[in-house]
Structures are given as structure tokens and as C-alpha cells.
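Here is what each chain is made of, one letter per residue.
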Amino acid sequence: MANNYNTLLVETTDRVCKIFLNKPESRNALDMEMRAELADVIDAVSRDPTIRVLVLSGKGKAFCAGGDLKTMNQPFPPFTGRQRLKDLHVWLKKLINLEIPVVAAVNGAAAGAGFNLALACDIVIASAEAKFTQSFIKVGLVPDVAGFYFLPRAVGLTKAKELMFTGKLLDAHEAETLGIVNKVVAAEELGSYTDQLAKDLACGPGKAMAMIKRLLNLSISSDLDTVLEFEAMAQDMCFGTEDFLEGKQAFLEKRKPSFKP
């Protein structure tokens, strides 16, 4: 996938697409141009069957500083702010619903919308230098970018209230302890660790991974009987795949499976 963007750097190698937010001078704040470019590239990823993993990271010292307050220096007419977010929700939901693993490599500060953008990914790897804050309260706003959905599910309702009410700054290890981050690595190891993780995921059985992600997302708002039915249907589909035939044969032959792209 070619990189023709002003605010993003996009690299695609060996079935892995990496998107870097690339406005380090603004700490990768989500201005309107970046939002439009994210919408475009995420749509392209969703239509490209050769991409098996998406990695989202930032250039410079920050992952993402959140919304760009410089674009909010005039009062919003009624419903303008709502439409602004509804436009963002289009690509955010597409990111969340991608049937491939999405990995956030949080290289630095993840503030406000940047914090919640990381939460919207499936796996979060953080540099030891990363910081996390629900900074909306400090400018008189409520959290957005699905923060109300993902944060209480990650840390529990009472802790989410604390973090949103106070805007408390968390270091990477605190975020890991709370379940916001899957793993913390040294800053100089973030790229190599994430690359290896993405490579390993890209070599996995793509159809099974798609079903796992879909069922986990559905399970949050489904009862037991519904989840069990989805589980049975998905497993029935996987039984008929080449991936299962290869995985079963590799198990019997005591070798590592080689799943096709």
C-alpha cells in the first residue's frame, strides 16, 4: 500500500500494514486532515485481503495527544460538534470491526482521544516512556473516541470514573497493571517487539482469528445462549477451512503449521 498522505506514514510488508501518525510537531494531534486520511487508509485496509495485521503507532515523542484544540478556537454552532464526532465514528467503527488483529504500539503520550484510540485496538504494547491520561476533563469536555465503551470494560466502572473525573496521568506500568496495556517494553525495543508480534499474528490462521475477534466483540453485549450459538456456527465454518486441515495435519506430524496467506 503506497503512502500518499500528509499526516500519516504507511508501510506494508509481509502481510502487515503499519500506520504511523506523523505530525510530531503537534504531538500527533487528531486534526481534521489526519482524521480524513485515517478514514481513507483504514477503508483501504478493510478491502485488502492480503493484509493480516494492522499496527498503529506515532512518530516523534507522542503516540497521539488527542484532539487538536487549535481547530476548536471558535464556538461550535448547535450539532456541529456532534456531526464532527459522527464523522470520526465512521472510520473508528471500521477500525474496531476489522477482521484482523489491530496492535497499538504506544511510543509516548496517549492523551484524551489518543488514549481511547489505543483502547480501540486489540492489543496494546507500550514503551516504558508512554503516558496515558483521560485529559478531557481538564478542558471541560467529556471523553470521546469510544472511551465510555472501552475504558470501563478494561479497568472496571469505578476506576474508569476516577480516571475520567480526575484526568490522572498513568505511566506505562500503571496502565499495564490496570489492564489498559498488554505489555510494557523498553523504548528502544518497542519497534522490534511489535514487529515480531505482528509477524507471528500474520502467520496465524486468518479465518479463525477473524472469527475470534468477531465473537469476542459480540460477547460483550450478548447473553450466554447467544454466544454459544455464535460459537457453534463459527466453529462449523472453521472446520471446513484449509487452515484447519493444515493445523490438524501439522499436529499429527508434530511440526509447526504453515497457514496460507
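Relevant structure appears above.
As the structure is a prediction and not an experimental result, all values here were calculated from the model.

Enquirer: How should I be thinking about the side chain of Lys23 in this particular structure?
Expert: Structurally, Lys23 can be placed in the loop between strand 2 (16-21) and helix 1 (32-46). If we skip the residues at most four places from it in the chain, Lys23 touches Thr7, Asn28, Asp31 and Met34.

Enquirer: Could you clarify how one ought to interpret unusual backbone geometry in this entry?
Expert: Only a minority of non-glycine residues have a phi that is not negative, and only a minority of peptide bonds are not trans. The phi dihedral of Arg27 is positive, around 60°, even though this residue is not glycine. On the secondary structure map, Arg27 appears in the loop between strand 2 and helix 1. Relative accessible area serves as the criterion here: at 42%, Arg27 is assigned to the partly exposed category. Unusually for a residue other than glycine, Ala146 sits at a positive phi of about 65°. Tracing the sequence through the fold places Ala146 in the loop between strand 8 (131-133) and helix 4 (147-155).

Enquirer: Can you help me understand the sheet that holds strand 4 (residues 62-64) in this one?
Expert: Spatial strand order, 4-6-8-9: four strands in an open sheet with mixed pairing. The sheet terminates laterally at strand 4 and strand 9 (169-171), the two strands that pair on one side only. Pairwise comparison of adjacent strand axes, ignoring direction, gives a mean angle of 20° for this sheet. When strand 6 (residues 109-111) meets strand 8, the two strands line up parallel, connected through three bridges. If you follow Ala111 over to strand 8, its bridge partner there is Thr133.

Enquirer: I keep staring at the side chain of Lys213 and nothing clicks. Help me out?
Expert: In this structure, Lys213 sits in helix 8 (residues 206-219). A polar contact of 2.9 Å, which involves the side chain of Lys213, links it to the side chain of Asp122. What Lys213 contacts, discounting residues up to four positions off in sequence, is Leu95, Ile96, Leu98, Ile100, Val102 and Asp122.

Enquirer: What is the right way to look at the nonpolar core in this model?
Expert: The nonpolar side chains of a soluble globular protein tend to be buried with one another. Counting 52 residues, the largest nonpolar core has Leu8, Leu38, Leu54, Val106, Phe132, Leu151 and Ile180 as the members making the most contacts within it. What Phe132 contacts, discounting residues up to four positions off in sequence, is Val106, Ala110, Phe115, Ala126, Lys168, Leu169, Leu170, Ala172, Ala175, Ile180 and Val181.

Enquirer: Which parts of the structure should I look at to understand the layout of surface pockets?
Expert: Where empty space is left becomes clear once a probe the size of a water molecule has been rolled over the atoms. Computed from the structure, the largest pocket encloses a volume of approximately 860 Å³. Leu119, Cys121, Asp122, Phe150 and Asn217 are, among the 28 residues lining the largest pocket, the residues nearest its centre. Those elements giving two or more residues to the lining of the largest pocket turn out to be helix 2 (80-97), helix 3 (113-119), strand 7 (123-127), helix 4 and helix 8. Of the residues assigned to the lining of the largest pocket, the class counts are 19 nonpolar, five polar and four charged. The computed volume of the second largest pocket comes to approximately 610 Å³. The wall of the second largest pocket is formed by 27 residues, among which Gly67, Asp68, Leu69, Met72 and Leu141 lie closest to the centre. Here the lining of the second largest pocket takes four residues from helix 2, the largest share from any one element.

Thresholds, definitions, all that
- Residues numbered from 1 in each chain as written.
- Predicted model: local features only at pLDDT ≥ 70, side-chain atom pairs only at ≥ 80, totals over all residues.
- Heavy atoms only, no water.
- Helix = DSSP H or I, 4+ residues; strand = E, 2+ residues; numbered from the N terminus.
- Contact = heavy atoms within 4.5 Å.
- Buried < 20%, exposed > 50% of the residue type's maximum accessible area, 1.4 Å probe, protein only.
- Pairing = 2+ DSSP bridges.
- Axes fitted to C-alpha atoms, helices over the stretch in contact; angles between N-to-C directions.
- Polar contact = N/O pair within 3.5 Å; in protein donor to acceptor, adjacent residues only side chain to side chain.
- Core = buried A, V, L, I, M, F, W, Y, C linked by side-chain atoms within 4.5 Å.
- 1 Å grid on protein atoms, 1.4 Å probe; cavity = no way out; pocket = protein on both sides within 12 Å on 5 of 7 lines; lining within 4 Å.
- Points joined across faces, edges and corners; volume = space filled by probe spheres on them.
- Nonpolar A, V, L, I, M, F, W, Y, C, P; charged D, E, K, R; others polar.

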